[in-house]
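Below, each chain spelled out in residue letters.
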Amino acid sequence: MSGTIADLRVDRVTELDDHDIAELCEATDAAIIEGGGFGWVEPQGRAALERHFRGVLLVPERELFVARLDGMVVGSAQLVRPHRNNEAQAFAAQLTHAYIAPYGRGHGLARLMIRKVEEHAAALGHRVLNLDVRETQLTAISLFQALGYVLWGSHPVYARVRGQTVAGQYYYKLLEPGRGRRTEHMVP
């Protein structure tokens, strides 16, 4: 299909039908096998992943975003808001479990998905978006840095992957509200 423009879409979802959950589980396992940023090291299979994603949809502080390529679910990301009793950090949220399956890469979907999460977080009033990533996930690190995320620290014993200790990197990004005061004053 040379010359065909792909249909790219990222949506925040509050429910998943059986077809979407099947595609999401397949994309997740494919990303895990490829070493993608989901936290699991080994593929989990449909039943475990379905329980996971259905559980995510039940947690009030979590929001699930799915990326679609020509209508097919090929990735996801989660926005984690602070618990209501964490007033001191209510201005910040966490971007986690962001990935695109190998067969969905190369179309700009990861960039689009992260932008959608950022826009939604800002619309909810969050002014900082935090994330962490294994140092071995070089493509993800390059993308986050290109999108303006600032490295603020490293954890030398962040994860264990196939018997090896892997360091982690911690990033943040200041989010600008659609209207209102700017956020530069938040960083000393």
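Residues numbered from 1 in each chain as written. Predicted model: local features only at pLDDT ≥ 70, side-chain atom pairs only at ≥ 80, totals over all residues. Heavy atoms only, no water.

Engineer: Where do I start with the overall build of the protein in this structure?
Structural biologist: A tally of helices and strands in the protein yields four helices and seven strands. When the elements of the protein are put in sequence order from the N terminus, they spell out β-α-α-β-β-β-α-β-α-β-β. Rg of the C-alpha trace for the protein: 17 Å, near the compact-globule value of 16 Å for 188 residues, within the 12% margin. Overall size of the protein, expressed as C-alpha extent along the three principal axes, is 45 × 40 × 40 Å. Looking at the protein as a whole, 42% of its 188 residues are labelled buried. Residue pairs at least 24 apart in sequence account for 63% of intrachain contacts in the protein once pairs closer than 6 positions are excluded. In the form shown here, the protein has an accessible surface area of approximately 10400 Å², with 52% of it arising from carbon and sulfur atoms. Averaging the locations of the 21 positively and 22 negatively charged side chains of the protein gives two centres separated by 5 Å. (Helix = DSSP H or I, 4+ residues; strand = E, 2+ residues; numbered from the N terminus. Rg over C-alpha atoms; globule rule 2.2 N^0.38 Å. Buried < 20%, exposed > 50% of the residue type's maximum accessible area, 1.4 Å probe, protein only. Contact = heavy atoms within 4.5 Å. Areas by Shrake-Rupley, 256 points an atom, 1.4 Å probe, with all protein chains shown as cover. Lys, Arg positive; Asp, Glu negative; His and termini not counted. Charge placed at Lys NZ, Arg CZ, Asp CG, Glu CD.)

Engineer: Whenever I open this one, the pairing of strand β4 (residues 92-100) confuses me. Can you help?
Structural biologist: The two faces of a sheet get side chains in turn, since along a regular strand they alternate between them. Sheet topology places strand β3 (residues 72-80) next to β4; five bridges connect them, and they run antiparallel. Paired with Q78 across the bridge in β4 is T96. In this sheet, strand β5 (residues 128-134) lies alongside β4 in parallel orientation, the contact comprising three bridges. Bridging from a neighbouring strand, A93 pairs with L129 of β5. (Pairing = 2+ DSSP bridges.)

Engineer: Before we go on, may I ask you to explain the sheet that holds strand β1 (residues 8-13) in this structure?
Structural biologist: In sheet architecture, strand pairing relies on hydrogen bonds along the backbone and comes in two forms, parallel and antiparallel. Spatially, β1-β2-β3-β4-β5-β7-β6 is the arrangement adopted by the seven strands of the open sheet, whose pairing is mixed. The sheet is open, and its two edges are formed by β1 and β6 (150-161), each paired on a single side. Direction aside, neighbouring strands of the sheet carry axes that sit 25 degrees apart on average. Seen against the sheet, helix α2 (residues 45-56) touches β2 (62-69), β3 and β4 and runs at an angle of roughly 50 degrees to β3. (Axes fitted to C-alpha atoms, helices over the stretch in contact; angles between N-to-C directions.)

Engineer: Just checking my understanding: could you explain the pairing of strand β7 (residues 164-174) for this structure?
Structural biologist: With seven bridges connecting them, β5 and β7 associate as antiparallel partners. Its bridge partner being in β7, N130 is matched across the sheet by Y172. Note: β6 against β7, eight bridges, orientation antiparallel. Its bridge partner being in β7, L151 is matched across the sheet by Y171. Between β6 and β7, which pair antiparallel in sequence order, lie two residues; one of them, R162, sits at a positive phi of approximately 50 degrees.

Geometry only, nothing functional implied.
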